[in-house]
Amino acid sequence: MSTENNPQDAKYDAALDLLRRLDPTKVAENLNKIIKLEPSLAEDLLSSVDTPLDVKKDPHSSQREYLCCDYNRDIDSHRSPWSNEYFPELSKEDLEESPFPSDNLRQLEIIMNDSFDVYRDLYYEGGISSVYLWDLDNDEDFAGVVLFKKGNQSSSNWDSIHVLEATSEDGGANFTYRITTTIILHLDKDEQERKMTLSGNLTRQTEKEASLNGASTMEQIHIAHITNLGTLIEDIELQMRNLLETVYFEKTRDIFHEVKNSVVDAATLHKDAQTEVIKGLQGL
Amino acid sequence: MSEFKEIINEIINDAPPGETQEVYADLLKITSEANADTVLECIESRNVKTVTRVFIPELDQFSLVSEFNADKDERAKFWDPVAMCRFAVDHLHLKAVDVELDVQEKALNDAQGKLYEDLKKYVTGAYPNDVATVGVFPQEEEEDVIRICIVAEKLNPANYWNGSWKSKYHYNVKEETLEGEINVYVHYFEDGNVNFQSGKEVKLQGSDVVQLIKEVETQFENELMTSFTDLNEKQFKNLRRRLPITRSKVNWGKAIGNYRLGRDAAQGL
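As annotated in an unreviewed UniProt entry, chain B is F-actin-capping protein subunit alpha from Naumovozyma castellii. One UniProt comment on chain B, placed under Subunit (unreviewed entry), says "Heterodimer of an alpha and a beta subunit." Its UniProt record, at the heading Function (unreviewed entry), says of chain B: "F-actin-capping proteins bind in a Ca(2+)-independent manner to the fast growing ends of actin filaments (barbed end) thereby blocking the exchange of subunits at these ends. Unlike other capping proteins (such as gelsolin and severin), these proteins do not sever actin filaments."

Looking at an unreviewed UniProt entry, one finds chain A named F-actin-capping protein subunit beta, with Naumovozyma castellii as its source organism. UniProt annotates chain A under Subcellular location (unreviewed entry) with the comment "Cytoplasm, Cytoskeleton". Per UniProt, chain A carries the Sequence similarities (unreviewed entry) text "Belongs to the F-actin-capping protein beta subunit family."

Shown next, in the form of structure tokens:
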């Protein structure tokens, strides 16, 4: 589809460009503003723009918290990965239309939630994780989203969103995993007469082919997928963490120094003074 | 203000330094070309309210637009009392138009001229080359007050970043009080959208205004550097570890449950 020919696509691209420029701490507000300006963009934008994840409690799993995004939403309810139920509860009629993973995929979803919960504990030492899967047309293929959220009231928040697609190659011996990762990181410091915010998001796409290691039973196949996806997401998060650290704490600080820098000035003055001294010496 | 214009206005106020033209183009694509005038109006009032650098091609230098140097009778025109000119502005491209040169009537007096020179000297030392523009604007209605603005901007959209620093001060010569605010905005948008914003309110007393500004701006800069370090070492590091406490990567697969067994055992469960 060419954007020049389709006005709706041009509007959508312009909306994404706008959201890439406006204050990232207000992404949810700005999304609503753009939808008010052009309501026809609502569905496309809500399903593609990442916003900080909401948290809900699952009343059928001891109020255990789970993460909410467009991928586990139906109407105004969100499916919990723990009980596999939608909350607030949907009517019987609505539930007949609600998306659920197939039985086999739900088994994989359960084990993935378990595994990524251990991973979350090891790396985040707190926070919440949730994994949601959905079936694709080809029986062996599937898609899903792996979510992590770690926050500390309003002053620092980390949201990881890994949207994944697993498609079989070579008759099911190998799989291609495509992952689009967005990490939303918000940090702020609010002091008397002074407020500082470092906030935003970075996105990376990764694609990797991996073997199922000769897995044949359903359980073996599930374990192989979790091993492949777990290893991949662990690598991506390590790289993204390094990237975030570089961008947030080096890049923005360097840019700041391009507009205001009294420290470098002292160094330049010092250098100038040295040059003068050298000139003076040379003149002797 | 209509709801439509209010939304446009909020979006424009949110636009990062140096990206107004792109935001303008996006808004027209999302809504309609017919809204160009509404969007431009919002851009104009944002530029004036926040104090913005504009280029004067006739003089090959930058000047400022703000409410403090707007012409009293003809609000769309601005004075530069140092360059001794009056100009209108193409607010979208931040360029002076209809420039009238050699207009003497708003020229600074000797004391104000000296203040400007001293500020220039300070700015040359405290900001990188050629990024900062200083404005000294006496106020007709309040003869004890002088408005001082410093706007520094470095734009590099080709490398996906833009940054600005804006200081706005109100100095009362009689009471020797300096009030104002400093706002900083850095935008980095390669494969994402990261922004760093900070602001500080200023309220000081003293007779040497340049010295006061120098001290408060240097202090703010130093505080920001300390905050960067704090945010990195305290908050960021607490959100997610680089490696698990075991210092090795996760052993995925069936054995992953052992971590939980191990932890429960360690806790005596």
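Each helix and strand in chain A was counted, giving seven helices and ten strands. Taking all 284 residues of chain A together, the buried fraction comes to 50%. At a minimum sequence separation of 6, the contacts of chain A that also span at least 24 residues come to 50%. Of the roughly 13,700 Å² of accessible surface on chain A, 48% is carried by carbon and sulfur atoms.

Across the contact, 82 residues belong to chain B and 82 residues belong to chain A. Taken together, the connections running from chain B to chain A amount to 15 salt bridges. Remark: the boundary between chain B and chain A carries 46 residue pairs in polar contact (both at pLDDT 80 or more). Among the elements that take part in the side of chain B that touches chain A, helix α5 (residues 209-239) of chain B stands out by supplying 17 residues, more than any other. Sheet analysis places strand β10 (residues 194-211) of chain A next to strand β10 (residues 192-205) of chain B, joined by nine bridges and oriented antiparallel. By the bridge assignment for β10(B), Leu202(A) is matched with Gly192(B).

Helix α2 (residues 20-30) of chain B packs onto helix α1 (residues 7-21) of chain A with a crossing angle of 145° between their chain directions and a minimal axis gap of 8 Å. Like other packed secondary-structure pairs, α1(A) and α2(B) cross with a definite hand, here left-handed. Facing α1(A), whose interface residues are Ala10(A), Lys11(A), Ala14(A), Ala15(A), Asp17(A), Leu18(A) and Arg21(A), α2(B) presents Glu22(B), Val23(B), Asp26(B), Leu27(B), Lys29(B) and Ile30(B). Of the residues assigned to the contact of α1(A) with α2(B), the class counts are seven nonpolar, no polar and six charged.

What follows concerns the packing of helix α4 (residues 110-126) of chain B against α5(B). All names here are of chain B. Between α4 and α5, whose axes approach to 10 Å, the crossing angle comes to 25°. Accordingly, the angle class assigned to the pair α4 and α5 is roughly parallel. Both α4 and α5 take part in a crossing whose hand is right-handed. On α5, the residues that touch Leu-115, Asp-118, Leu-119 and Tyr-122 of α4 are Val-209, Val-210, Ile-213, Lys-214 and Glu-217.

Bringing a negative patch on the surface into the picture now. All names here are of chain A. Judged by side-chain charge, Glu-93, Asp-94, Glu-96 and Glu-97 come together as a negatively charged surface patch. Topologically, Asp-94 is positioned in helix α4 (residues 92-97). Assessed through its relative accessible area of 31%, Asp-94 is described here as partly exposed.

The way to describe two aromatic rings as a pair is by their centre distance and the angle between their planes. All names here are of chain A. Counting across every chain of the model gives 23 aromatic pairs over all chains. Judged by centre distance (6.0 Å) and plane angle (75°), the ring pair of Phe-116 and Tyr-119 falls under edge-to-face. One end of the pair, Phe-116, and the other, Tyr-119, are both in helix α5 (residues 103-124), three residues apart, so they sit about a helical turn from each other. Of the two residues, Phe-116 and Tyr-119, both sit in the buried class.

Thresholds, definitions, all that
Note on numbering: residues in each chain are counted from 1, in written sequence order. Chain letters start at A and ligand numbers start at 1, both assigned in the order the entries are written. Predicted model: local features are reported for residues with pLDDT of at least 70 only, side-chain atom pairs are reported and counted for 80 or more only, and whole-chain, interface and lining totals are derived from all residues. The basis for the side-chain values is all heavy atoms of the structure; hydrogens and waters are excluded. UniProt positions are given in the numbering used here, feature names are shortened, and annotations may be inferred rather than shown by experiment. A run of DSSP states H or I qualifies as a helix once it reaches four residues; a run of E qualifies as a strand once it reaches two. Both are numbered from the N-terminal end. Per-residue accessibility, obtained with a 1.4 Å probe over protein chains only, is compared with the maximum for each type, and a residue is labelled buried under 20%, exposed over 50%, and partly exposed between these values. In this description, contact between two residues means that some pair of their heavy atoms is separated by no more than 4.5 Å. We get accessible surface area from the Shrake-Rupley algorithm with a probe of 1.4 Å; when it comes to residues, only the shown protein chains can shield them. Think of a salt bridge as a Lys or Arg side-chain nitrogen and an Asp or Glu carboxyl oxygen that are within 4 Å of each other. What qualifies as a polar contact is a pair of N or O atoms within 3.5 Å, subject to a donor-acceptor requirement within protein and to the restriction that residues adjacent in sequence count only when both atoms come from side chains. In this scheme, strands are said to pair when DSSP sees at least two bridges between them. Lines fitted to C-alpha atoms define the axes, with helix axes restricted to the stretch in contact, and inter-axis angles between N-to-C directions lie between 0 and 180 degrees. Working rule for handedness: look at the near helix, and if it is turned counterclockwise from the far one by less than a right angle, call the crossing left-handed; if clockwise, right-handed. Any residue that is not Ala, Val, Leu, Ile, Met, Phe, Trp, Tyr, Cys, Pro, Asp, Glu, Lys or Arg is counted as polar, Gly included; the first ten are nonpolar and the last four charged. Reported orientations rely on four angle classes, namely roughly parallel under 35 degrees, roughly antiparallel over 145, roughly perpendicular from 65 to 115, and oblique for the rest. Patch membership requires more than 30% relative accessible area and the absence of a salt bridge. Residues of like charge join within 9 Å; the nonpolar side chains Val, Leu, Ile, Met, Phe, Trp and Tyr join within 5 Å. The sign given to each residue is positive for Lys and Arg and negative for Asp and Glu; His and the chain ends receive no count. Charge positions are represented by NZ for Lys, CZ for Arg, CG for Asp and CD for Glu. Only centres within 6.5 Å qualify two rings of Phe, Tyr or Trp (six-membered ring in Trp) as a pair; their planes then separate them into stacked at under 30 degrees, edge-to-face at over 60, and tilted for everything else.

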